[in-house]
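# Close look at the chain arrangement
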Amino acid sequence: MKTEKNILIAFLLNLFFSLLELVGGVFTNSVAILSDAVHDFGDALSIGVSWILERKSKQQPDDRFTYGYGRYSVIGSVITTLVLVFGSGMVMIHAVERLFKPHAVHSGGMLVLAVIGLAVNLVAAFVTREGDSLNRKAVNLHMLEDVLGWAVVLVGAVIMHFTGWSIIDPLLSATLAVYILIHAVGHLKESLNLFLEGAPEGVSAAEVRQAALAVEGVEDVHHVHLWSMDGYRHFATMHLVAQGDAAIIKHEVREALEALHISHVTLELEHPAEDCHAASCNGGKRDKACHGHYHHHH
């Protein structure tokens, strides 16, 4: 609930502010402020989408989405990030044009806008700092970029005010765009890794295998698969070759994996004398081939 409400507050703040900026940018003739207006408007739109998708992602699993709706939140993060990438590109094109043809800029007006901008985005960054979804992280990243952006604009406006160097305006604008782009690309990689069913950040299949092997009674672990729903809820499936009380072994393996932040584990238990019929065993070096692998126990 909290994550949603925070995203909504950020959306309303941004929407109101981007309209104010649009007017201000035209009035001050500053490409840095105009480009920021476009960026903020894009932010507001994508945050709106994020908010809708964040709400959707809270739905309980059903027959259609048996894993639940967590990925909706990730889609929100992808859309938000793509908007940023596109926005940064536009800003850079604009800034380069201005570098070759500097315009006079109304630095006093820029100062006023920069102070308001800094305040609004500080509030938005503050309200989106809590919550636990990749989507909220994307929104918070936006807000922090905006805070930084306005701090830079403020410094630029002060320098321009005293020196009259209007070339500072497009320079600022281009610097901001590059900064946003670098962050956005990193974020996009993280989101796409989830969609491609990559192993979640900070957990490796080798680690999971070691944790399960450490449990008493477990002789081998293979067919380990790891993925994450939304960057926070991780899933694992694996085959365990084990002797002993199955209930105890399963309980202990689950506990061991919970320490690695894996909340949902599916375990297939096999007896040492049993053949594993899976086409590929990815348990590591020891499994030359699955079939006949345990015959020495007979």
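Residues numbered from 1 in each chain as written. Predicted model: local features only at pLDDT ≥ 70, side-chain atom pairs only at ≥ 80, totals over all residues. Heavy atoms only, no water.

Secondary structure summary: the protein chain contains 8 helices and 3 strands in total. The order of α-helices and β-strands along the protein chain, N terminus first, is α-α-α-α-α-α-α-β-β-α-β. Looking at the 298 residues of the protein chain, the share that counts as buried comes to 47%. Partitioning the intrachain contacts of the protein chain with sequence separation of at least 6 by distance along the chain shows that 72% fall at a separation of at least 24. On the protein chain, roughly 14900 Å² of surface is accessible, and the fraction owed to carbon and sulfur atoms is 67%. (Helix = DSSP H or I, 4+ residues; strand = E, 2+ residues; numbered from the N terminus. Buried < 20%, exposed > 50% of the residue type's maximum accessible area, 1.4 Å probe, protein only. Contact = heavy atoms within 4.5 Å. Areas by Shrake-Rupley, 256 points an atom, 1.4 Å probe, with all protein chains shown as cover.)

The contact between helix α3 (residues 70–100) and helix α6 (residues 168–195) brings their axes to 8 Å, and the two run at 155 degrees. Considering their axes alone, α3 and α6 lie roughly antiparallel with respect to each other. Seen along the crossing, α3 lies across α6 with a hand that is left-handed. A class-by-class count of the residues in the contact of α3 with α6 yields 21 nonpolar, 6 polar and 3 charged. (Axes fitted to C-alpha atoms, helices over the stretch in contact; angles between N-to-C directions. Parallel < 35°, antiparallel > 145°, perpendicular 65-115°, else oblique. Left-handed = near helix turned anticlockwise from the far one by under 90°. Nonpolar A, V, L, I, M, F, W, Y, C, P; charged D, E, K, R; others polar.)

What follows deals with the packing of aromatic side chains. Under the definition given, this model contains 2 aromatic pairs. Taking the centre distance of 5.9 Å and the plane angle of 75 degrees together, the rings of Phe65 and Tyr72 count as edge-to-face. What makes Phe65 partly exposed here is its relative accessible area of 26%. The class for Tyr72 is partly exposed, based on a relative accessible area of 23%. Summarising the aromatic geometry, the rings of Trp227 and Phe235 are spaced 5.6 Å apart at their centres and angled 15 degrees between planes, so their arrangement reads as stacked. We note that Trp227, like Phe235, is buried. (Phe/Tyr/Trp six-rings, centres within 6.5 Å; stacked < 30°, edge-to-face > 60°.)

What follows is about the environment of Leu53. Along the polypeptide, Leu53 turns up in helix α2 (residues 31–57). For the pair formed by Leu53 and Tyr69, sequence separation is 16 residues and the distance between their alpha carbons is 9.1 Å. Among residues more than four places away in sequence, those in contact with Leu53 are Tyr72, Ser73, Ile75, Gly76 and Ile79.

For the rest of this paragraph, the subject is the sheet that holds strand β3 (residues 262–270). Spatially, β1-β2-β3 is the arrangement adopted by the 3 strands of the open sheet, whose pairing is mixed. Both outer strands of the open sheet, β1 (218–228) and β3, are each paired with one neighbouring strand and no more. Averaged over all adjacent pairs, the angle separating strand axes in this sheet is 20 degrees, with direction ignored. Note that strand β2 (residues 234–242) and β3 share 8 bridges and pair parallel. Its bridge partner lying in β3, His234 is registered against Ile262. (Pairing = 2+ DSSP bridges.)

Below, the discussion takes up the pairing of β1. For β1, the buried fraction is high: 9 of the 11 residues fall into the buried class. Sheet topology places β1 next to β2; 8 bridges connect them, and they run antiparallel. Looking across to β2, one finds that Asp220 is bridged to Val241. Linking β1 back to β2 in an antiparallel pair, the connection comprises 5 residues, with Gly231 at a positive phi of about 90 degrees.

Right, let's get into helix α7 (residues 205–213). Every α-helix carries 3.6 residues per turn, so stepping three or four residues along brings you back to the same face. Every buried residue of α7 is listed here: Val208, Arg209, Ala211 and Ala212. One face of α7 carries all of its buried residues, which in axial projection span an arc of 160 degrees. Buried-residue contacts for α7 involve β1, β2, α8 (246–258) and β3. (Arc of directions from axis to C-beta.)

Residues Ile75, Ile79, Leu192, Phe195 and Leu196 make up a contiguous nonpolar surface patch of about 430 Å² in total accessible area. Tracing the backbone shows Ile79 in helix α3. When its relative accessible area of 32% is taken as the criterion, Ile79 is described as partly exposed. (Patch = residues over 30% accessible without salt bridge, like charges linked within 9 Å, V, L, I, M, F, W, Y side chains within 5 Å. Salt bridge = Lys/Arg side-chain N within 4 Å of Asp/Glu carboxyl O.)

Within the fold, Glu270 resides in strand β3. Although Glu270 is buried, it makes no salt bridge; Arg209 carries the closest opposite charge, 11 Å away. At a separation of 3.3 Å, a polar atom in the side chain of Glu270 contacts the side chain of His222. Only 2.7 Å separates the side chain of Glu270 from the side chain of His239, close enough to count as a polar contact. Sequence-distant contacts of Glu270, that is, excluding residues within four places in its chain, are made with His222, His239, Leu240, Val241, Ala242 and Cys276. (Lys, Arg positive; Asp, Glu negative; His and termini not counted. Polar contact = N/O pair within 3.5 Å; in protein donor to acceptor, adjacent residues only side chain to side chain.)

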